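Here are the chains, one letter per residue:
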Amino acid sequence: MAKQLRTSALLLFSFLAAAAVVTAVSGLGGGMVGGRTKVKDVKTNEEVQELGRYSVQQFNRMQKKGKKKGGGYGGDLRFQEVLEAETQVVSGVKYYLKIAAVSPGGVPKTFDAVVVVKPWAHSKELLNFDPSSPTQ
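Given the structure is predicted, the values throughout are model-derived calculations rather than measurements.

S.K.: I keep staring at the overall build of the chain and nothing clicks. Help me out?
M.R.: Broken down by element type, the chain carries two helices and five strands. Put simply, the chain runs from its N terminus to its C terminus through helices and strands in the order α-β-α-β-β-β-β. Long-range contacts, defined as pairs at least 24 residues apart, comprise 45% of the intrachain contacts of the chain with a sequence gap of at least 6. Taken as a whole, the chain presents about 9400 Å² of accessible surface, with 58% of it coming from carbon and sulfur.

Printed below as a string of structure tokens:
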């Protein structure tokens, strides 16, 4: 009986210790696991700004290849800056970016982009790039 009680206590302790570690690790990013976390200091974050530049370049490439319908900007967009960014941990890190760009006619535009970065595979992929909805 005492051995069974010791085994149960050890299992309970192990479970609680594991739960504490998972909670502590998941809390490092400041958000819940799988949830979005706002990126601070977006304008000075070089990685985020580079991902915004990458998104505009990929969009321009897809337009030229005819893979991205719509837009009709009559040429390449010119990247200005990332205005807002959020991250989400998935299989890699998914970045949700609000990007300021300029159309070939010089008209400022705002776009929403989604990019997934997998550092261990040295890869990044633009999943979505669309004009931002006007805020009301």
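S.K.: Is there a simple way to think about the environment of G75 in this case?
M.R.: Mapped onto the fold, G75 is located in the loop between α2 (46-65) and β2 (78-90). Accessibility expressed as a relative area gives 41% for G75, which makes it partly exposed.

S.K.: Help me understand the sheet that holds β2 in this model?
M.R.: Neighbouring strands of a sheet are bound in pairs by backbone hydrogen bonds; such pairs are parallel or else antiparallel. Read across the sheet, five strands follow the order β1-β2-β3-β4-β5 without closing on themselves; strand pairing throughout is antiparallel. In the strand order of this sheet, the two ends are held by β1 (36-38) and β5 (123-131), each with one partner. Each strand axis lies, on average, 25 degrees off the axis of its neighbour in the sheet, ignoring direction. Where strand β4 (residues 108-118) meets β5, eight bridges bridge the pair, whose relative direction is antiparallel. In the sheet register, V116 faces β5, and the bridge partner there is E125. Seen against the sheet, α2 touches β2, β3 (92-102), β4 and β5 and runs at an angle of roughly 70 degrees to β5.

S.K.: What's the story with the environment of V90 in this structure? I'm lost.
M.R.: In this fold, V90 is placed in strand β2. Each C-alpha atom of the pair V90 and G34 lies 6.6 Å from the other, and the pair is 56 residues apart in sequence.

S.K.: Sorry if this is basic, but what is going on with the environment of V114 here?
M.R.: Along the chain, the position of V114 falls in strand β4. Exposure remark for V114: the relative accessible area of 13% places this residue in the buried category. For the pair V114 and E86, spaced 28 residues apart in the sequence, the C-alpha separation amounts to 9.7 Å. For V114, the residues in contact, after removing those within four places along its chain, are K94, Y95, Y96, E125, L126, L127 and N128.

S.K.: Explain the pattern of salt bridges to me, please; I cannot follow it from the model alone.
M.R.: Applying the stated rule across the entire model yields five salt bridges. One salt bridge connects E50 with R53, and the closest N-O pair in it is separated by 3.4 Å. Here E50 pairs with R53, and both are found in helix α2, just three residues apart, close to one helical turn. Using a relative accessible area of 34% as the deciding quantity, one classes R53 as partly exposed. Among the salt bridges present, the one from K98 reaches D112, with a minimum N-O distance of 3.0 Å.

S.K.: Any chance you could explain the nonpolar core here in plain terms?
M.R.: Nonpolar side chains in soluble globular proteins tend to end up buried together. In terms of nonpolar packing, the biggest core is built from 22 residues, with V48, L77, V82, L97, I99 and F129 touching the most fellow members. Sorting the residues of this core by element identifies α2, β2, β3, β4 and β5 as the ones contributing at least two each. Per-element tally for this core: the top contributor is α2, with five residues. Excluding residues that lie within four positions of it along the chain, L97 makes contacts with V48, L51, G52, S55, V82, E84, A85, F111, D112, A113 and V115.

The rules behind the values
Residues numbered from 1 in each chain as written. Predicted model: local features only at pLDDT ≥ 70, side-chain atom pairs only at ≥ 80, totals over all residues. Heavy atoms only, no water. Helix = DSSP H or I, 4+ residues; strand = E, 2+ residues; numbered from the N terminus. Contact = heavy atoms within 4.5 Å. Areas by Shrake-Rupley, 256 points an atom, 1.4 Å probe, with all protein chains shown as cover. Buried < 20%, exposed > 50% of the residue type's maximum accessible area, 1.4 Å probe, protein only. Pairing = 2+ DSSP bridges. Axes fitted to C-alpha atoms, helices over the stretch in contact; angles between N-to-C directions. Salt bridge = Lys/Arg side-chain N within 4 Å of Asp/Glu carboxyl O. Core = buried A, V, L, I, M, F, W, Y, C linked by side-chain atoms within 4.5 Å.

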